Amino acid sequence: MALVTGAGRGIGRETAELLATRGARVMAVSRSENELQTLGLDYVVADLGKPEDCARTVKKTHERLGPVTLLVCNHGIGSAHEQLIWEQDPAVWQESMRINLDGPFHLSRLVVKDMILKAYGRMVFVSSTAGQVAEYAGSAYNSSKHGLLGLMRSVAVDASQYGITSNAVLPGWVRTSMSEASARTEAKTRRITIKKVWEERAALSPAGRIVTPREVAEVIAFLASEEASGLNGEAMTVALGRLT
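Below is a summary of the structure that appears in this document. (Residues numbered from 1 in each chain as written. Predicted model: local features only at pLDDT ≥ 70, side-chain atom pairs only at ≥ 80, totals over all residues. Heavy atoms only, no water.)

## Considering the nonpolar core
When a protein is soluble and globular, its nonpolar side chains tend to lie buried together. Operational definition: The set of buried Ala, Val, Leu, Ile, Met, Phe, Trp, Tyr and Cys residues whose side-chain atoms join them within 4.5 Å is what this entry labels a nonpolar core. Only protein chains enter the accessibility calculation, which uses a 1.4 Å probe. A residue is then buried if its area is under 20% of the maximum for its type, exposed if over 50%, and partly exposed in between. Numbering of helices and strands runs from the N terminus, with a helix taken as a DSSP run of H or I at least four residues long and a strand as a DSSP run of E at least two residues long.
Within the largest apolar cluster, 28 residues are counted, with the highest numbers of intra-cluster contacts made by Leu71, Val111, Met123 and Phe125. At six residues, helix H5 (residues 139-159) tops the list of elements feeding residues into this core. In terms of nonpolar packing, the next biggest core, distinct from the first, is built from 26 residues, Ala16, Leu19, Leu36 and Val126 among them.

Below you can see the structure in the form of structure tokens.
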């Protein structure tokens, strides 16, 4: 039984749909009911930056679909609204940590209990290339995505004896609503077109293009599979060879 967060759009939606087509029972979670309603899957509307919403989501999942054996932590807030570190509003920092890091922590500690009882489980965390190489003017986002890798590795160490694996994917630029917001901000700041921003982002990759949400979802699905049983505590970059 798979619990997929941030499932209303982008990578999360592609992942939820892909897992469902491959036979998984999927609970989709997002803050937007309008988006979830069009998925055709069981869903819970929740703000996963709130511990009580994390607990309610897991409870509803138990009641409707059963114990969780796969957690895909994909929800998050981007960096388009951030400033240079000396100009950063502490409230922006706190909000990013609440959503990007605290939520995955609360979900992990709740669902791992199901996995221990089953002696089997898969956890996949969606970080970012910014979780390894910091982006300009993104202290909150960078730190939260670095922290997510620490959480992933902590779960990998703590739970591996119970047949549980914990890994992460680190997408580069993917054309989603979150990255579109950052493109608009960058275009406005630099006084260039959004098209030019995306052309420059594509040029960062040796392949000369942007990764698709489906490509990231395929890697997530692999990490969730039996074939990935030998992978634990790994951070897999999905960026078409982009190094910075």
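Past the structure itself, the notes keep going.
## Some thoughts on the sheet that holds strand S2 (residues 26-30)
Stated formally: Note on pairing: DSSP must find at least two bridges between two strands before they are called paired. For helices, the axis comes from a line fit to the C-alpha atoms of the stretch in contact; other axes are also lines fit to C-alpha atoms, and the angle between any two N-to-C directions lies between 0 and 180 degrees. By definition, residues are in contact when any of their heavy atoms lie within 4.5 Å.
The strand order across the open sheet formed by seven strands is S3-S2-S1-S4-S5-S6-S7, and the pairing between neighbours is parallel. At either end of the open sheet lies a strand with only one pairing partner, and these are strand S3 (42-45) and strand S7 (235-238). When strand polarity is set aside, the average angle formed by the axes of neighbouring strands in this sheet is 15°. Packed on one face of the sheet, helix H3 (residues 51-64) meets strand S1 (2-5), S2 and S3 and runs near 155° to S3. On the sheet, helix H4 (residues 90-118) packs against S1, strand S4 (70-73), strand S5 (121-126) and strand S6 (164-171) and is oriented at approximately 165° with respect to S5.

## Describing the environment of Leu240
Take Leu240: it is sitting in the segment after S7. Accessibility expressed as a relative area gives 28% for Leu240, which makes it partly exposed. Sequence separation of Leu240 and Arg9 is 231 residues, and the distance between their C-alpha atoms is 22 Å. If sequence neighbours within four positions are ignored, Leu240 has contacts with Ser205, Pro206, Ala207, Arg209, Ile210 and Val211.

## Some words on helix H8 (residues 213-223)
Buried residues of H8: Pro213, Val216, Ala217, Val219, Ile220, Ala221 and Leu223, and no others. Its buried side turned inward, H8 meets helix H1 (10-21), S4, S5, S6 and S7.

## Points about the pattern of salt bridges
To keep it simple, the criterion reads: By definition here, a salt bridge exists when the distance from a side-chain nitrogen of Lys or Arg to a carboxyl oxygen of Asp or Glu is within 4 Å.
Applying the stated criterion across every chain, the model contains 14 salt bridges. A salt bridge links Glu180 to Arg175; the shortest N-O distance between them is 2.7 Å. With a relative accessible area of 46%, Arg175 lands in the partly exposed category. A salt bridge links Glu215 to Arg209; the shortest N-O distance between them is 2.6 Å.

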